[in-house]
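A closer look at the structure
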Amino acid sequence: MIAALARARGRDWEALKASRQKKDALFDLAARIALLAERSRQQGISVLAEAAEVERRKALRAGLELVAAGRDAEELDRVLDAESAEPDPGSALELRLVRAGLRGLVAGEHPYTLMRRMSAQLGLEYFDKAEAWILGRIKRRRPRAEDLVVPGELPDVVRDLALDPRFLERALRAAGREIAAASLAGCPRESMELAKPLYGRIGGIVIEDDAAFLRSRLSGDEIAQAQAAFLEIARGLEERGDLRFGGEESLEADPAFIVELTKAIMTLDAELLRSALRGLAPASLAAAMQGMEPKAHDRILAALPKKEAKRVLDAIDEAPPLSARAVVEAGSRLASLVLAAAEKHPAAGKSPLLRSALQRLERVASWPRSKS
Amino acid sequence: MIQWNAELARRLRCREEEKRDLAPLIRRLMEFARAARAEGFQSLERALPEAEDPLLAAGLRLVMEGLAGEALEDILATYLLAEDRSGLPLLKACVVVEGLVALAEADEPALMARKLAAYLGAERSLPLLEELERDGVLPSSAPPAPAEAR
């Protein structure tokens, strides 16, 4: 049973009716508290004490003072309970919202999670508004660049698991956000970049922020402990058959795929190749080239203008080794592009060599992902 | 420890035949779990346009963001408390919340199905679990049949 509902008593079930105007004002209050949480993460807890001094809302002021003084959630509840004697519905709703925000603040939750908690008090009609607010904050965010690498095997494990992102996702989710963030706090940037997309746009920023926040709060030993816990969880999942550590095998693309794509590239009409490659992002081409033999690389680079060839070479240098699946996906995308370009090409279908190259590309474009 | 209270029990009360509506919802939640496992949690994005219940749509987005456990449960329960539901709509909403929390925690399918089927009551939950096994949604719990004597 849902614990939060089982804890709810009579008054908690009363939907508090408040005007749209009041709810909008409370949404603004929630945003203000979330911003305060954001600032306190960046500048320290003294921000809360300063905010309490100028706060006009009694409950919020009292709550901020307690949080700034490092008091726990129970004490916070006691103080806020004293504020809740017979309030009107609007004030009661405000108190619920403030309580939700302050409790999250005490628990060290991310400001966006606080915003989710507080805006939930206003009902589902404020869900999208809260999301828009969060996305607005994300747009204004400055990128983080700091690294703190705690010696250990976790970065290798993350890279290994990321060969099949579902495995990395399972490990991260099974570990929970706190352990995941604390573990990633001691990893190089690459590990975070592999983990972030698995949480979507908002969740990715939250885990990145949480890791950065914990990096400044936890000792090296504490981070190492979190990493050990993460590894234990990942190994537990492996024992249950829920994930597999990739190893070198998964990095090797299907040899049959490499042969097919290489032969197709080598026998393609040079002009068709050039027109298909035109406008293709260097990173996409570099990824597809991981599924070709070196002679096909030479042919592609020779087909490109010098500046473009240089960009592709840079992209090859920067690209991490892709999983077999990702190589097949990139190669298939390239094959589809060439096939699309061939439809408009006058020579297509006329030469037997070109016909055979296009047939190979059709096979490459629909190459089964499971084969890799 | 089982947490329960009289107010919640009163609000959840609905006719036995109304509970039939829960089975398709449970199947749907089980399908979300299967998709998340097979294709990753971000694949749930595809389900959003078809999630006509705003609570389900909001919950799926929160799960995709990586919210789980108590934080997810609290937020979703707050939406419920803010809406004053009761009867079948509340029961359905509870199944949605329980299912989303199980989804976020990546519960084993069998565990998730048992948690959700419990909302049907003891009498109806077993037939549903058997049905899910027959349809391959759940692995069979029956012991393997002994080999026939020649």
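Residues numbered from 1 in each chain as written. Chains lettered and ligands numbered in written order. Predicted model: local features only at pLDDT ≥ 70, side-chain atom pairs only at ≥ 80, totals over all residues.

Quick notes on the environment of Y79(B)
Tracing the chain through its elements places Y79(B) in helix 4 (residues 69-81). The sequence separation of Y79(B) and L120(B) amounts to 41 residues, and the corresponding C-alpha distance is 22 Å. Non-local contacts of Y79(B), meaning those with residues more than four positions away in its chain, are made with A120(A), G123(A), L124(A), L55(B) and A58(B). (Helix = DSSP H or I, 4+ residues; strand = E, 2+ residues; numbered from the N terminus. Contact = placed C-beta atoms within 7 Å.)

Brief notes about the domain arrangement of chain A
Looking at the assigned domains, one finds that chain A contains domain 1 (17-139), domain 2 (154-249) and domain 3 (252-371). Using only C-alpha atoms to locate each centre, domain 2 of chain A and domain 3 of chain A end up separated by 33 Å. (Domains from an automatic or database assignment.)

Examining the interface of chain B and chain A
The interface is formed by 35 residues belonging to chain B together with 37 residues belonging to chain A. When residues of the side of chain B that touches chain A are traced back to their parent elements, those giving at least two are helix 1 (6-12), helix 3 (54-64), helix 4 and helix 5 (88-104) of chain B. When grouped by side-chain class, the residues that make up the side of chain B that touches chain A number 21 nonpolar, 7 polar and 7 charged. (Nonpolar A, V, L, I, M, F, W, Y, C, P; charged D, E, K, R; others polar.)

Some remarks on the packing of helix 2 (residues 22-39) of chain B against helix 5 of chain B
Residues and elements named next belong to chain B. The contact between helix 2 and helix 5 brings their axes to 10 Å, and the two run at 15 degrees. When the axes of helix 2 and helix 5 are compared, the pair comes out roughly parallel. Note that helix 2 runs across helix 5; the crossing there is right-handed. Touching L22, L25, I26, L29, F32, A33 and A36 of helix 2 are L91, K92, V95, G99 and L103, all from helix 5. When the residues that make up the contact of helix 2 with helix 5 are grouped by side-chain class, the tally is 10 nonpolar, 1 polar and 1 charged. (Axes fitted to C-alpha atoms, helices over the stretch in contact; angles between N-to-C directions. Parallel < 35°, antiparallel > 145°, perpendicular 65-115°, else oblique. Left-handed = near helix turned anticlockwise from the far one by under 90°.)

Quick notes on helix 8 (residues 127-139) of chain A
With 13 residues, helix 8 of chain A extends 19 Å between its outermost C-alpha atoms, agreeing within 8% with the 18 Å of an ideal straight helix rising 1.5 Å per residue. When we look at burial in helix 8 of chain A, the residues that qualify are F127(A), A130(A), E131(A), W133(A) and I134(A). Each buried residue of helix 8 of chain A sits inside an arc of 160 degrees when the element is viewed along its axis, so together they form one side. Every exposed residue of helix 8 of chain A that faces more than 90 degrees away from the buried side is listed here: A132(A), G136(A) and K139(A). Of the surrounding secondary structure, the elements contacted by the buried residues of helix 8 of chain A are helix 2 (20-43), helix 7 (111-120) and helix 12 (200-217) of chain A together with helix 3 of chain B. (Expected span 1.5 Å × (residues − 1). Buried ≥ 20, exposed ≤ 12 C-beta atoms within 10 Å, placed from the backbone. Arc of directions from axis to C-beta.)

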